[in-house]
Structure formats: C-alpha cells, structure tokens
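Examining the three-dimensional arrangement
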Amino acid sequence: MMSAVVSAAAVMLLAACGTSTTTGNNTTGATTGDLYNQIKSKGVITVGTEGTYAPFDYHDPSGKLVGFDIDIMNEVARRLGVKAQYVETPWDGMFAGLNAKRFDVIADEVGILPDREKQYDFSTPYIASHAVLIVRKDNNTIHSFADLKGKTAGQSLTSNLSAIARQNGANIVATQGFNDAIDLLKSGRIDATVNDGLSFLDLKKHQPNVPVKVVATWPQATYSGFMFRKGNQDLVQAVDKALADMKKDGTYLKISKKWFGADVSK
C-alpha cells in the first residue's frame with residue numbers, strides 16, 4: 001500500500017555467511033541466497049498481499065485474485081522460473097507475516113520509506129502514486145490537508161497514509177483498507193480519508209456516481225516496491241532484473257496501461 005509505519009514487533013532478519021549477528025533490535029542468522037535457492041527448488045514464491053485493495057490486488061466477480069500488483073508479481077515469478085502463491089493477509093498484519101516467514105515477499109503497494117529500509121530490503125520501485133484527501137461530495141468544510149485538524153479520518157493504522165492524516169491533526173479511525181474507508185465515509189461515520197490516488201481513480205471508473213470527491217493531493221509521490229526480509233540479496237537482485245527486463249521489453253507498460261491507461265512507474 002502506498003503505503004506504512006513499520007510494525008513494532010521484533011523483526012527476525014536473515015544475515016550473510018550463516019552466522020548470527022545483531023542489527024539494531026533484530027537478530028539475523030541465515031545464509032544469504034538460501035531463500036532464493038529454496039524458492040527455485042520448490043518452484044514457488046509465496047507472496048503476502050491483502051486481496052482487497054483494488055486495483056492493485058482484489059477479487060473479481062468470479063472470485064479470482066487479480067490486480068496490477070498481481071499481474072506484475074506473476075510476471076516476475078514467471079521470469080524467475082517459479083509460480084507465485086498468494087497468502088492473503090490484512091494490511092496491519094502484513095509486516096508481522098513477513099517477519100514470521102509466512103511468505104517470502106510482500107506485493108501490496110508498500111511505500112519505500114526510510115524507516116522501513118532500515119529493517120527490510122526493497123526491490124526497485126515498480127509504481128509511483130500520490131496520496132489524495134477524499135471527503136463526501138456534500139462536504140464544504142474540508143479543502144486541504146490542514147483542514148483535517150480535529151476531524152476524523154479513516155485509515156489503516158500502519159499505513160504511511162495514516163501518518164499524513166495524523167501529522168495534519170486528524171483523529172484516526174481504524175479501517176481495514178480503502179473500501180472500508182470509503183464505506184465509512186459514505187455513511188457519514190468519518191469526515192475524510194487520506195488514500196491512494198490511483199485507487200480513487202479506479203473507484204470512479206467502476207462507480208462514477210459514488211458520492212465522494214478529492215479535495216487535495218499530497219505533493220510528494222510515494223514509490224512502492226516489493227518488500228523482503230533482510231539478507232536475501234540474491235532474491236532481490238533476481239527480482240530487480242526481472243522488473244528491469246519487463247520495462248525494457250514493454251511488458252511493464254502493457255500491464256500498466258491495462259490497469260491505468262498510462263505508465264505509472266514515474
């Protein structure tokens with residue numbers, strides 16, 4: 001997700017050379033490259049994702065897991081010579097799931113932020129997006145992020161979008177993701193939500209009459225990447241090569257235009 005403030009849970013990281021070392025509050029103790037070799041041997045890379053975050057990862061009317069992130073990850077996996085197996089997890093438990101080795105990588109619009117980079121490794125960015133401030137269509141009191149002071153904003157608690165709302169003085173109401181925030185907004189149970197601009201475009205595409213509007217756009221873009229436990233550089237480098245090859249041969253642009261009608265890598 002564009003977004004998230006790192007989980008406070010202790011993070012078990014993988015280290016090089018098979019020896020146990022300490023990095024900050026985290027202990028590492030695995031041989032670099034082991035995970036990549038295990039993935040290649042099994043023929044499967046396990047991927048943490050929400051499965052509720054359209055248009056990035058969600059279920060279509062038939063129940064199939066689809067989305068931009070899913071298409072990108074499936075193609076990366078194909079180029080690694082393996083299949084992607086998805087483990088659907090609520091956003092607020094996503095980092096803990098990676099730490100606990102429930103999956104090998106997260107593909108869920110995870111913003112590449114300095115505090116996260118201290119504890120995790122990221123692929124090169126595969127999408128750029130701006131946060132937007134969304135309110136009900138009949139709201140005439142919130143026009144900017146500064147107007148959030150004292151207002152209620154529906155946010156995933158560990159999201160970097162939540163951090164934007166909080167730093168502008170909003171009172172945070174916990175949500176399970178974008179759709180939940182929009183439902184709360186439509187019903188009048190919250191005043192606003194700071195959320196992903198691409199998700200809003202997708203919402204308007206499928207529900208043009210939805211009674212919500214964007215009143216402000218955050219100036220800085222957020223770049224998202226696939227997120228890994230530390231110490232697996234062979235895997236990260238292989239994923240980076242797959243992403244670079246996809247951009248070079250036009251596959252990335254084809255997927256991007258399918259979902260957004262434009263190149264969303266920058």
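Chains are numbered independently. Their residues run from 1 in the order of the written sequence. Local features in this predicted model are restricted to residues whose pLDDT is 70 or higher, and side-chain atom pairs enter the listing and the counts only when it is 80 or higher, whereas totals over whole chains, interfaces and linings include all residues. For side-chain calculations, the full set of non-hydrogen atoms in the structure is used, while hydrogens and water are omitted.

What follows concerns the overall build of the protein. Along its length, the protein carries nine helices and 15 strands. Each residue is placed in one exposure class: buried if its accessible area under a 1.4 Å probe, protein chains only, is under 20% of its type's maximum, exposed if it is over 50%, and partly exposed if it falls in between. Out of the 266 residues belonging to the protein, those deemed buried represent 52%. Here the open area of atoms and residues is found with the Shrake-Rupley method and a 1.4 Å probe, where only the protein chains shown may cover a residue. Surface exposure of the protein reaches about 11600 Å², of which carbon and sulfur atoms provide 53%. Think of it this way: any DSSP run of H or I at least four residues long counts as a helix, any run of E at least two long counts as a strand, and we number them from the N terminus.

To form a nonpolar core, buried Ala, Val, Leu, Ile, Met, Phe, Trp, Tyr and Cys residues must be joined to one another through side-chain atoms within 4.5 Å. Of all hydrophobic cores here, the largest spans 46 residues; its most connected members are Ile-45, Phe-68, Ile-72, Val-76, Phe-226 and Leu-235. Broken down by element, this core gets its largest block of residues, seven residues, from helix H8 (residues 233–248). Whether two residues are in contact is decided by their heavy atoms: any pair within 4.5 Å suffices. The residues contacting Leu-235, other than those within four sequence positions of it, are Leu-35, Tyr-36, Ile-39, Ile-45, Leu-80 and Phe-228. In this structure, Ala-131, Ile-142, Ile-164 and Ala-165 belong to the second largest nonpolar core, which totals 15 residues.

Two aromatic rings are characterised by how far apart their centres lie and by the angle between their planes. Here the aromatic set is Phe, Tyr and Trp, taking the six-membered ring for Trp, and pairing holds for ring centres within 6.5 Å; pairs whose planes are under 30 degrees apart are stacked, those over 60 apart are edge-to-face, and all others are tilted. By the definition in use, this model includes ten aromatic pairs. For the pair Tyr-53 and Phe-56, a centre-to-centre distance of 4.9 Å together with 50 degrees between the ring planes defines the contact as tilted. The pair formed by Tyr-53 and Phe-56 is uniform in burial state, with each residue classed as buried. Seen from their ring centres, Phe-145 and Trp-218 are 4.9 Å apart, and the 80 degrees between their planes marks the pair as edge-to-face. Of this pair, Phe-145 sits in the loop between strand S10 (131–136) and strand S11 (152–155) while Trp-218 sits in the loop between strand S14 (212–217) and strand S15 (222–229); the two residues are 73 residues apart in sequence, bridging distant segments of the chain. Pair check on accessibility: Phe-145 and Trp-218 agree, each one buried. When the ring centre of Tyr-252 is taken as reference, the NZ or CZ atom of Lys-247 above it lies at 5.4 Å. Lysine NZ or arginine CZ positioned within 6 Å of the ring centre and within 35 degrees of the ring normal marks a charge as sitting over the ring.

What follows concerns the environment of Ile-72. Within the secondary structure layout, Ile-72 lies in helix H2 (residues 68–80). Along the primary structure Ile-72 and Tyr-126 are separated by 54 residues, whereas in three dimensions their C-alpha atoms are 8.5 Å apart.

Looking now at the packing of H2 against helix H9 (residues 251–260). Running from amino to carboxyl end, H2 crosses H9 at an angle of 160 degrees, the nearest separation of the two axes being 9 Å. The angle between the axes of H2 and H9 places the two elements in the roughly antiparallel class. Relative to H9, the crossing made by H2 is right-handed. Across the interface between the two elements, Phe-68, Asp-71, Ile-72, Glu-75 and Arg-79 from H2 touch Thr-251, Tyr-252, Ile-255, Ser-256, Lys-258, Trp-259 and Phe-260 from H9. In this count, Pro and Cys sit with the nonpolar residues alongside Ala, Val, Leu, Ile, Met, Phe, Trp and Tyr, while Asp, Glu, Lys and Arg are called charged and the others, Gly among them, polar. In terms of residue class, the contact of H2 with H9 is made up of six nonpolar, two polar and four charged. Only the contacting stretch of a helix is used when fitting its axis, a line to C-alpha atoms as for every element, and angles between N-to-C directions run 0 to 180 degrees. Put simply, angles under 35 degrees are roughly parallel, angles over 145 are roughly antiparallel, angles from 65 to 115 are roughly perpendicular, and the rest are oblique. Each crossing gets its handedness from the near helix: less than a right angle anticlockwise from the far helix is left-handed, clockwise is right-handed.

Moving on, we get to the confidence of the model for the protein. For the protein, the mean per-residue pLDDT works out to 88, and 88% of the residues sit at or above 70. In this model, residues 2–32 is a region of pLDDT below 50 whose contacts with residues beyond four sequence positions or in other chains number 92 contacts. Looking at any residue, its pLDDT shows the predictor's confidence there, from 0 to 100.

What follows is about the packing of H2 against H8. Packed helices, taken two at a time, are described by the angle between their axes plus the distance between the axes. Relative to each other, H2 and H8 sit at 110 degrees, their axes nearing to 9 Å. Comparing the axis directions of H2 and H8 gives the class roughly perpendicular. Between H2 and H8 lies a crossing whose hand is right-handed. Contact residues: H2 offers Ile-72, Glu-75, Val-76, Arg-79 and Leu-80, while H8 offers Leu-235, Ala-238, Val-239, Ala-242, Leu-243, Asp-245 and Met-246. When grouped by side-chain class, the residues that make up the contact of H2 with H8 number nine nonpolar, no polar and three charged.

Quick look at the pairing of S11 now. As a general feature of sheets, a regular strand has side chains that alternate between the two faces. For two strands to be treated as a pair, DSSP must find no fewer than two bridges joining them. Two strands pair when backbone bridges link them, and S11 and strand S12 (residues 171–174) are joined in this way by four bridges, in the parallel orientation. From the neighbouring strand, Gly-154 faces S12, where its bridge partner is Val-173. When the strands point away from the viewer and the connection leading from the first strand across the helix to the second strand turns clockwise, the crossover is called right-handed. At this point the chain moves from S11, through helix H5 (residues 160–167), to the parallel S12, and the crossover so formed is right-handed.

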